[in-house]
Amino acid sequence: MKKRGGRTSRIRRRKLLRNPESSRVNESYKPEFIELKKWLKDRKFEDANLIPARFPGTGRGLMSKTSLQAGQMIISLPESCLLTTDTVIRSYLGAYIAKWQPPPSPLLALCAFLVSEKHAGNQSPWKPYLEVLPEAYTCPVCLEPEVVNLLPRPLKAKAREQRTHVREFFTSSRGFFSSLQPLFSQAVESIFSHSALLWAWCTVNTRAVYMKRPPRPCLSAEPDTYALAPYLDLLNHSPRVQVKAAFNEETRCYEIRTATSCRKHEEVFICYGPHDNHRLLLEYGFVPVRNPHACVYVSEDTLVKYLPSTDKQMNKKISILKDHDFIDTCWKKVLLGEIISDTNEKTSLDIAQKICHYFIEETNAVLQKVSHMKDEESALINQLTLVETLWTEELKILQASAEILSSLQTAFT
Ligand SMILES: C[S@@+](CC[C@H](N)C(=O)[O-])C[C@H]1O[C@@H](n2cnc3c(N)ncnc32)[C@H](O)[C@@H]1O
């Protein structure tokens, strides 16, 4: 591989800094997007505003061809382009779903359809959409156990729960998959494998938009709220934008309007919700930088370790913290406490500062370990980089918190 740092690369980097537009790569000429556009046109969707592109930092997304004003429609995708449980029930799977007892969940119906259509390859009418879907995902359920082990403790627990949940989803769906055998010449076990179902589960969970469907007798009573929205699902998340997104019953289109303007040739973002980094990694498999909702989770164990052992009110304090959802919640909120007395305030600041330093040390130690593993395990580099970004963002919060605490402490000396 060529070494970076030569004159040409220095000039290129300077150019990129001067003109960030040149760092975005238009992908609309790619065969898969040309096919997808044709497929969308056949389903009455044509769009003049957005083009697929690759951006530094966020990866593949959509770029605006014109400037977008606040209140303007970003995209309006006709119902005929959406993949919902209606699509599945109307398909060759419908009769099998109707026969199966207990009724399959809406999520299972969607996942089974995705796996089956992917297996159909060139025969699938959904091929142009399936071709642009990611081959693999980075939600914790897809990470190697040694990478999951490096996650902050509360997230590690949720990641393991997610793995168990998907495993159980697979095990409990096997009977239904067997019932589909008449549709395939190949053994269903090899089509509806654990890895195929995992791919489908991640596709729905990371890409579907919210669209409530009425309950139907052939599906279980679980809420039916997922719709896969080709092309629209290329929009990345930013916590800094506001959008209005919903299915419009009059136009019969899924519409997104932006409340935040966007300049020509910039990436167009939507907001998946005011989520912290743990939730974004857990549900969507990415960690944004400078997320205003990011926080560091402080566990009960850590609090108990740093609160004075002579404190007779310890249990009461912990239960108050629990009642207010303060345990395992945002570190930032620790800084929002009201002053009760100078002595209490000073003690609290000292404890908070100690906890903060404990976390900074722990974070630095994990970061060192991750960096070491990145040198050793090149096959895991992308997964490790994801975890590294998460810890680096936590370190920034902790360092900023330590500084604030230190200036508050100075006020008491
Ligand atoms: C609805 S899709 C958006 C399009 C996606 N980037 C693609 O290429 O297909 C959601 C996924 O995009 C990625 N993503 C969304 N917002 C992101 C961001 N701000 N930074 C990095 N990745 C992001 C995550 O992998 C997430 O699971």
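About the thresholds
Residues numbered from 1 in each chain as written. Predicted model: local features only at pLDDT ≥ 70, side-chain atom pairs only at ≥ 80, totals over all residues. Heavy atoms only, no water. Helix = DSSP H or I, 4+ residues; strand = E, 2+ residues; numbered from the N terminus. Contact = heavy atoms within 4.5 Å. Areas by Shrake-Rupley, 256 points an atom, 1.4 Å probe, with all protein chains shown as cover. Lys, Arg positive; Asp, Glu negative; His and termini not counted. Charge placed at Lys NZ, Arg CZ, Asp CG, Glu CD. Pairing = 2+ DSSP bridges. Axes fitted to C-alpha atoms, helices over the stretch in contact; angles between N-to-C directions. Near = heavy atom within 4 Å. Polar contact = N/O pair within 3.5 Å; in protein donor to acceptor, adjacent residues only side chain to side chain. Nonpolar A, V, L, I, M, F, W, Y, C, P; charged D, E, K, R; others polar. Domains from an automatic or database assignment. Buried area = accessible area lost by both parts, 1.4 Å probe. Salt bridge = Lys/Arg side-chain N within 4 Å of Asp/Glu carboxyl O. Expected span 1.5 Å × (residues − 1). Buried < 20%, exposed > 50% of the residue type's maximum accessible area, 1.4 Å probe, protein only. Parallel < 35°, antiparallel > 145°, perpendicular 65-115°, else oblique. Left-handed = near helix turned anticlockwise from the far one by under 90°.

1. Comments concerning the overall build of the chain
Here is step 1 of the chain: Check the secondary structure of the chain and you find 15 helices and 10 strands.
Here is step 2 of the chain: Taking the principal axes of the C-alpha coordinates as reference, the chain spans close to 75 × 60 × 50 Å.
Here is step 3 of the chain: For the chain, the proportion of contacts with a sequence separation of at least 24, taken over those separated by at least 6, is 72%.
Here is step 4 of the chain: Summing over all exposed atoms, the chain offers an accessible surface of approximately 22,500 Å²; the carbon and sulfur share of this is 53%.
Here is step 5 of the chain: Computed over 55 positive and 46 negative side-chain charges, the separation of the two mean positions in the chain equals 7 Å.

2. Let's talk about the sheet that holds strand 4 (residues 73–78)
Here is step 1 of the chain: With antiparallel pairing, the 3 strands of this open sheet are ordered in space as 4-9-8. Each having just a single partner strand, strand 4 and strand 8 (243–248) make up the two edges of the open sheet. Neighbouring strand axes in the sheet, compared pairwise and without regard to direction, differ in orientation by 10° on average.

3. What about the site of the ligand?
Here is step 1 of the chain: Close to the ligand lie Thr58, Arg60, Thr206, Arg207, Asp233, Leu234, Leu235, Asn236, His237, Tyr272, Tyr284 and Phe286.
Here is step 2 of the chain: Between an oxygen atom of the ligand and a side-chain N or O atom of arginine 207, the distance comes to 2.9 Å.
Here is step 3 of the chain: Measuring from an oxygen atom of the ligand, one finds a backbone N or O atom of tyrosine 284 at 2.5 Å.
Here is step 4 of the chain: When the free accessible area of the ligand is taken as 570 Å², the share hidden by the protein chains comes to 85%.
Here is step 5 of the chain: Contributions of two or more residues to the shell around the ligand are made by helix 10 (194–207) and strand 7 (236–237).
Here is step 6 of the chain: Taken together, the residues of the shell around the ligand sort by class into 5 nonpolar, 4 polar and 3 charged.

4. A look at the pairing of strand 10 (residues 267–270)
Here is step 1 of the chain: Taken together, the 2 bridges between strand 3 (residues 59–64) and strand 10 define a ladder with antiparallel strand orientation. Looking across to strand 10, one finds that methionine 63 is bridged to glutamate 267.

5. Some remarks on the domain arrangement of the chain
Often, the extent of an interface is quoted as the loss of accessible area upon association of its parts.
Here is step 1 of the chain: Per the domain assignment, the segments of the chain are domain 1 (83–228) and domain 2 (300–411).
Here is step 2 of the chain: Computed from C-alpha coordinates alone, the two centres of domain 1 and domain 2 are separated by 37 Å.
Here is step 3 of the chain: Residue-level contacts link 12 residues of domain 1 with 16 residues of domain 2.
Here is step 4 of the chain: Here domain 1 meets domain 2 over a buried area of about 1,100 Å², counting both sides, of which 71% is carbon and sulfur.
Here is step 5 of the chain: A per-residue breakdown of the area domain 1 buries against domain 2 is headed by Val147, Leu150 and Pro152, which together make up 49% of the total.
Here is step 6 of the chain: The interface formed by domain 1 and domain 2 includes 1 salt bridge.
Here is step 7 of the chain: The salt bridge partner of arginine 153 is aspartate 301, with a shortest N-O separation of 3.2 Å.
Here is step 8 of the chain: At the boundary of domain 1 with domain 2, the tally comes to 3 residue pairs in polar contact (both at pLDDT 80 or more).
Here is step 9 of the chain: Secondary-structure elements contributing two or more residues to the side of domain 1 that touches domain 2 are helix 7 (145–148) and helix 8 (153–179).
Here is step 10 of the chain: For the side of domain 1 that touches domain 2, the element with the highest residue contribution is helix 8, accounting for 3 residues.
Here is step 11 of the chain: Classifying every residue of the side of domain 1 that touches domain 2 by side-chain character gives 8 nonpolar, 1 polar and 3 charged.

6. What about helix 10?
Here is step 1 of the chain: Taking 1.5 Å as the rise per residue, helix 10 with 14 residues should run 20 Å; its terminal C-alpha atoms sit 20 Å apart, in good agreement.
Here is step 2 of the chain: With 11 of its 14 residues buried, helix 10 lies for the most part within the structure.
Here is step 3 of the chain: Listed in full, the buried residues belonging to helix 10 are Ala196, Leu197, Leu198, Trp199, Ala200, Trp201, Cys202, Thr203, Val204, Thr206 and Arg207.

7. Things to note about the side chain of asparagine 49
Here is step 1 of the chain: Mapped onto the elements, asparagine 49 comes out in the loop between helix 2 (31–42) and strand 2 (50–55).
Here is step 2 of the chain: Apart from residues no more than four positions distant in its own chain, asparagine 49 is found in contact with Met63, Ser64, Lys65, Thr66, Leu68, Gln72, Met73 and Ile74.

8. Some points on the environment of alanine 196
Here is step 1 of the chain: Tracing the backbone shows alanine 196 in helix 10.
Here is step 2 of the chain: Residue alanine 196 is classed as buried on the basis of its relative accessible area of 17%.
Here is step 3 of the chain: If sequence neighbours within four positions are ignored, alanine 196 has contacts with Val115 and Ile191.

9. Considering the pattern of salt bridges
Here is step 1 of the chain: Counted by the stated rule, this structure contains 16 salt bridges.
Here is step 2 of the chain: Two residues, lysine 30 and glutamate 27, come together in a salt bridge whose shortest N-O distance is 3.6 Å.
Here is step 3 of the chain: Since its relative accessible area comes to 24%, lysine 30 is described here as partly exposed.
Here is step 4 of the chain: Of the charged contacts in the structure, one is a salt bridge between lysine 374 and glutamate 388, with a shortest N-O distance of 2.6 Å.

10. Observations regarding the packing of helix 5 (residues 106–120) against helix 8
Here is step 1 of the chain: Remark: helix 5 packs on helix 8, axes separated minimally by 12 Å, with the N-to-C direction vectors making an angle of 70°. Considered as vectors, helix 5 and helix 8 are oriented roughly perpendicular to each other. Here helix 5 runs over helix 8; the crossing is right-handed. For the pair formed by helix 5 and helix 8, the contact residues are Leu107, Leu108, Cys111 and Ala112 on the first element and Phe169, Ser173, Phe176 and Phe177 on the second.
Here is step 2 of the chain: Classifying every residue of the contact of helix 5 with helix 8 gives 7 nonpolar, 1 polar and no charged.

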